[in-house]
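Okay, here's what each chain looks like letter by letter:
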Amino acid sequence: MATEPIVTQGSLEQTSNALDLAINGQGYFQILLPSGQIAYTRDGSFQVRAQGQAVTAKGYQLQPPITIPRSAQSVTIGTDGTVSVQIQNQAQPSQVGLIQLANFINPAGLQYTGDNLAIQTQASGAPVTGQPSQNGLETVAQGYLEGSNVSVVDEMIDMIATQRAYELNTQAAKNVDQMLGYLTQVTQ
């Protein structure tokens, strides 16, 4: 029995943390694994490493790399992925990077490896990368995280329906067994 990941969007939940990002629509953040391989995630809970790089909770670096200067007083990320910082004694914010998203022809074909990470497979196709809000890629929302895309109510209904079907099939099998037992007794 195989399982297929659900790749629909979950609800966006406001966190007010400047480095929490949610993708509003389809797409994935690109993450550099220690092996040098690129992984993909929708988990936009980023933090800043001591050297200033934006990383995941596990310390994997966002790709392309974004470095936040130590002197930054605030970080602003536009819906188009533009990362700007306000530095003390500077009138205008400085752009320090651009977040890029990746999308796949068949996102359900990604291989999930744990820690909210997936890797490209032949079934998923090659990633199409680019700046959010351009070339069909979706936007990012700063200060939000994506919640679960599973409806507990729908899953309970499905589970109850499955349980009823199982009970019905079990009863039908018992009835057939009883009829066959009766036929064998009558024919003897």
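Placed above this text is the structure.
Residues numbered from 1 in each chain as written. Predicted model: local features only at pLDDT ≥ 70, side-chain atom pairs only at ≥ 80, totals over all residues. Heavy atoms only, no water.

1. Observations regarding the nonpolar core
Now for step 1: Ranked by internal contacts, the top residues of the largest apolar core, which has 22 residues, are F29, L62, I77 and I99.
Now for step 2: Elements with a minimum of two residues in this core: β2 (21-24), β3 (28-32), β8 (72-77), β9 (82-87) and β13 (117-119).
Now for step 3: Counting residues in hydrophobic clusters, the runner-up holds 6 residues, among them A102, F104, L110 and A118. (Core = buried A, V, L, I, M, F, W, Y, C linked by side-chain atoms within 4.5 Å. Buried < 20%, exposed > 50% of the residue type's maximum accessible area, 1.4 Å probe, protein only. Helix = DSSP H or I, 4+ residues; strand = E, 2+ residues; numbered from the N terminus.)

2. Description of the environment of G181
Now for step 1: Take G181: it is sitting in helix α1 (residues 152-187).
Now for step 2: Residue classification places G181 among the partly exposed positions, given a relative accessible area of 27%.
Now for step 3: A C-alpha to C-alpha distance of 55 Å links G181 and G125, two positions 56 residues apart in sequence.

3. Remarks on unusual backbone geometry
Now for step 1: Residue P64 is reached from Q63 by a cis peptide bond, and omega for that bond is -15 degrees.
Now for step 2: With respect to the helices, strands and loops of the structure, P64 is situated in the loop between β7 (61-63) and β8.
Now for step 3: At S16, a position not held by glycine, the phi torsion is positive, near 70 degrees.
Now for step 4: Relative to the helices and strands, S16 is located in the loop between β1 (12-14) and β2.
Now for step 5: Backbone geometry at D115 places phi at a positive 55 degrees, although glycine is not the residue there.
Now for step 6: Mapped onto the elements of the fold, D115 is located in the loop between β12 (111-114) and β13.
Now for step 7: Take D115: its relative accessible area is 48%, and that puts it in the partly exposed class.

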